Amino acid sequence: MVIILVGGQWGDEGKGKVIDYLAAKADMVIRSQGGNNAGHTVITEHGEFKFQLMPSGILYPKCVCIIGNGVVVDPIVLLREISQLRERGIEPKNLIISERAHMVMSYHPLLDQLEEDTRGDDRLGTTWRGIGPAYADKVRRIGFRIGDLQKEAFMRKKLAFVVGQVKNPILTKLYEKEAIDLGSMATEYMGYAKQLDPYIKDTFPIIQDALDRKSNILLEGAQATMLDLDFGTYPYVTSSNPTAGGALTGSGIPPTKVDLTLGVFKAYTSRVGYGPFPSELLDEVGEQIRERGHEFGTVTGRPRRIGWFDSAVARYSARLNGVGCAALMRLDILDEQPLLKICTGYDFRGKRFDHPVANISHYKHSKPIYEEMAGWQTDIGAARKWEDLPQKCRDYIERIGELIGVPIELIGTGPRRDQFVTRGRKLFD
Ligand code: IMP
Ligand code: MG
């Protein structure tokens, strides 16, 4: 069975926990886009793990974990994650990196930051991890693939062109920065090559074999639908396609092999970085949710912007990705709220819209239309079954399911592995 997991809002929906839940039964977990702009938190009996590049199935030794061709890999960050796992007694023998995956090179984070500075007030609020510049170079065909590390002469020649002819002139002439020393950069990358060599493989036959064997394969999405390069709030988006289509091109799995797209949503909304966010809460309710939910970025530590659940966004995501069932996470963060609002659409110049419109300036000025529900004001952290949840909480979940048009099968009631309410649907046998 093949399941695609997608984020249904602006990221940080609680995907890490759902991935960990599914990975227990998965034979293979594949990351297919993004890079170390992602931060997936998994809490196990051995403590808290924060993964940026490492597929979240890595804690299950029998699960093959693939960093797919669509990911951009910063070798420095990946090596750090490998050694952090080793320090905690976990040897990532089950890790495979696609030869085709591109690298975030040392100049990419620098250029990311410089480009953001140049934008001034119009900056995007990127994570400064070099993700945009790395994908741009991939499209420009001057990117370095992980497999290039295994070809020293080729790598040196390509560095001379890309760094010597393209990047250094930009750094020195445009930004008045120091030029990169070619010799030391080549030596540095040959060092990474040696350490990453055992993990680098052509993943085509590996994934095809797994499909032939009818393995349980999980495509682990990073970022989210509203950050999608094409369908998100462009240009306030990430530089990859975190939607279901991106999972396929980023891994090499054909569409006809996918059994289910699982959408992960959070019981409210959050967003890091700039860009439109109609249901944003700029009052003390937003502040309370941010504090209770520890809503500060895993990667950058920035406070996340908080808002009410936006079913217009969620329904758009559900339809765009063909979501078959949903996980609704972090319900417990709303435990203390007396009144909950759900944004069901927008008013733009007197006209009603039920989905985020493509025109970004119209979307920016769209006013949320709310319906209100009573909060449950009960601690739900111990709930394990649907019946354990207070009636008002069940009403809120059911209403969201109805508005977005998909059944909600998994409900997150706290950060721990066991704090889940499941509703009977079998995901992986
Ligand atoms: P970039 O991906 O670093 O280029 O950042 C582009 C936008 O996507 C910024 O608003 C980031 O805050 C946001 N972003 C990127 N990755 C994540 C994520 O994993 N969770 C939430 N927001 C993200
Ligand atoms: Mg995150």
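The rules behind the values
- Residues numbered from 1 in each chain as written.
- Chains lettered and ligands numbered in written order.
- Predicted model: local features only at pLDDT ≥ 70, side-chain atom pairs only at ≥ 80, totals over all residues.
- Heavy atoms only, no water.
- Pairing = 2+ DSSP bridges.
- Helix = DSSP H or I, 4+ residues; strand = E, 2+ residues; numbered from the N terminus.
- Contact = heavy atoms within 4.5 Å.
- Axes fitted to C-alpha atoms, helices over the stretch in contact; angles between N-to-C directions.
- Expected span 1.5 Å × (residues − 1).
- Polar contact = N/O pair within 3.5 Å; in protein donor to acceptor, adjacent residues only side chain to side chain.
- Salt bridge = Lys/Arg side-chain N within 4 Å of Asp/Glu carboxyl O.
- Buried < 20%, exposed > 50% of the residue type's maximum accessible area, 1.4 Å probe, protein only.
- Domains from an automatic or database assignment.
- Buried area = accessible area lost by both parts, 1.4 Å probe.
- Near = heavy atom within 4 Å.
- Areas by Shrake-Rupley, 256 points an atom, 1.4 Å probe, with all protein chains shown as cover.
- Nonpolar A, V, L, I, M, F, W, Y, C, P; charged D, E, K, R; others polar.

1. A look at the sheet that holds strand E10 (residues 217-220)
Spatial strand order, E9-E7-E5-E2-E10-E1-E11-E15-E19-E20: ten strands in an open sheet with mixed pairing. Looking at strand neighbours, the two that pair on one side only are strand E9 (200-201) and strand E20 (420-422), the edges of this open sheet. As paired elements, strand E2 (residues 28-31) and E10 share four bridges and run parallel to each other. Paired with valine 29 across the two strands is leucine 218, which belongs to E10. Sheet strands touched by helix H1 (residues 15-23): strand E1 (2-7), E2, E10, strand E11 (260-266), strand E15 (325-329), strand E19 (408-412) and E20. Its angle to E1, the strand with the most contacts, is close to 170°.

2. Comments concerning helix H2 (residues 75-87)
Along its 13 residues, H2 runs 18 Å from first to last C-alpha, staying within 8% of the 18 Å computed at 1.5 Å per residue. Tucked inside the fold, the buried residues of H2 contact strand E4 (47-51), strand E5 (64-67), strand E6 (72-73), strand E7 (95-98), strand E8 (102-103) and helix H6 (182-196). Put simply, aspartate 74 is the residue that caps the front of H2, since its side-chain oxygen is 3.0 Å from the backbone nitrogen of isoleucine 76. A positive phi of about 80° marks glycine 89, the residue just after H2.

3. Topic: the environment of isoleucine 82
Examined against the element boundaries, isoleucine 82 turns out to sit in helix H2. In sequence terms isoleucine 82 and arginine 417 are 335 residues apart; their C-alpha atoms lie 23 Å from each other. Ignoring sequence-local partners within four residues, the contact set of isoleucine 82 consists of Met54, Pro92, Leu95, Leu196 and Tyr199.

4. Quick look at the pattern of salt bridges
Within this structure, the stated rule accounts for 25 salt bridges. In this structure, aspartate 335 engages arginine 292 in a salt bridge whose closest nitrogen and oxygen atoms are separated by 3.5 Å. One end of the pair, aspartate 335, is in the loop between E15 and strand E16 (339-348); the other, arginine 292, is in helix H9 (residues 284-292), and 43 residues separate them in sequence. On the basis of relative accessible area, aspartate 335 is assigned to the buried category, the value being 4%.

5. A look at the side chain of glutamine 419
When you line up the elements, glutamine 419 lands in the loop between E19 and E20. The contact partners of glutamine 419, leaving out residues within four places of it in the chain, are Lys17, Gly381, Arg384, Ile411, Gly412, Thr413 and Gly414.

6. Considerations on the domain arrangement of the protein
Partitioning the protein into structural domains gives domain 1 (2-92 + 202-422) and domain 2 (102-198). If you average the C-alpha positions of domain 1 and of domain 2, the two centres end up 29 Å apart. In total, about 2,000 Å² of surface goes out of reach between domain 1 and domain 2, with carbon and sulfur atoms giving 62% of it. On the domain 1 side of the contact with domain 2, Val72, Pro75 and Leu79 bury the most area, a combined 27% of that side's loss. Counting across the domain 1 and domain 2 interface gives nine residue pairs in polar contact (both at pLDDT 80 or more). Among the elements of the structure, E6 and H2 are those that each provide at least two residues to the side of domain 1 that touches domain 2.

7. Description of the site of ligand 1
In the vicinity of ligand 1 lie 14 residues, with Asp12, Asn37, Thr127, Thr238 and Val272 positioned nearest. Threonine 238 is positioned with one of its side-chain polar atoms (N or O) 2.6 Å from an oxygen atom of ligand 1. Contact with the protein chains covers 96% of the free accessible surface of ligand 1, which is 460 Å². Tallied by class, the residues present in the shell around ligand 1 amount to five nonpolar, seven polar and two charged. Each of domain 1 (2-92 + 202-422) and domain 2 (102-198) contributes no fewer than three residues to the shell around ligand 1.

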